Amino acid sequence: MDLRFNTALIQGYKSPAQQARILTEDWLARNMYCPICGAVSLHKAETNAPVKDYVCDHCKAQYELKSKRATTDKYRTKLNDGVYSTMIDRITSLDNPSFFLQM
Ligand SMILES: [Zn+2]
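Every value quoted in this text rests on a predicted model; they were computed, and no experiment measured them.

Thoughts on the side chain of Arg90
Relative to the assigned elements, Arg90 resides in helix H2 (residues 84-91). Reaching out from Arg90, the side chain makes a polar contact with the side chain of Asp95 at a distance of 3.1 Å. Filtering out sequence-adjacent residues up to four positions away, Arg90 remains in contact with Pro50, Val51, Lys52, Gln62, Asp95, Asn96 and Pro97.

See below:
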């Protein structure tokens, strides 16, 4: 497991939120296994799938990645969740996702 981010990917990006998203999405795709079944990799879900960023091909578990770059303790108590109704619909559905939180 490579614990470093590929910082070359964020050249030209100014927004800390965009930088965090790009770095963590890349890291997760290269390094994360399925915590539910142990499959060695996850694949990226289709673009714009609501509250679903990654899927395990083996057990079909769905994962949502939430990442945030912050320099204060404030990030520990707040996490943006996008559109409220979409999030509620997804987390109360039968195929609700698990979350990866990278901060
Ligand atoms: Zn799995």
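Observations concerning the coordination of the zinc ion
The protein atoms that coordinate the zinc ion are Cys34 (SG), Cys37 (SG), Cys56 (SG) and Cys59 (SG), at distances spanning 2.3 Å. Coordination at the zinc ion is tetrahedral: its 4 donor atoms span angles of 104 to 114° at the metal. Each donor residue of the zinc ion belongs to the same chain, with the gaps between them written as C-x2-C-x18-C-x2-C. Here Cys37 is found in the loop between helix H1 (16-31) and strand E1 (43-44), whereas its partner Cys59 is found in the loop between strand E2 (54-55) and strand E3 (62-67), with 22 residues between them in sequence. A residue is classified by how much of its surface remains accessible, and Cys59, at 29% relative accessible area, is partly exposed.

Quick notes on the rules
Residues numbered from 1 in each chain as written. Predicted model: local features only at pLDDT ≥ 70, side-chain atom pairs only at ≥ 80, totals over all residues. Heavy atoms only, no water. Helix = DSSP H or I, 4+ residues; strand = E, 2+ residues; numbered from the N terminus. Polar contact = N/O pair within 3.5 Å; in protein donor to acceptor, adjacent residues only side chain to side chain. Contact = heavy atoms within 4.5 Å. Donors = N, O, S within 2.8 Å, 3.2 Å for Na, K, Ca; no water. Tetrahedral: all angles 85-135°; square planar, octahedral: opposite > 155°, others 65-115°. Buried < 20%, exposed > 50% of the residue type's maximum accessible area, 1.4 Å probe, protein only.

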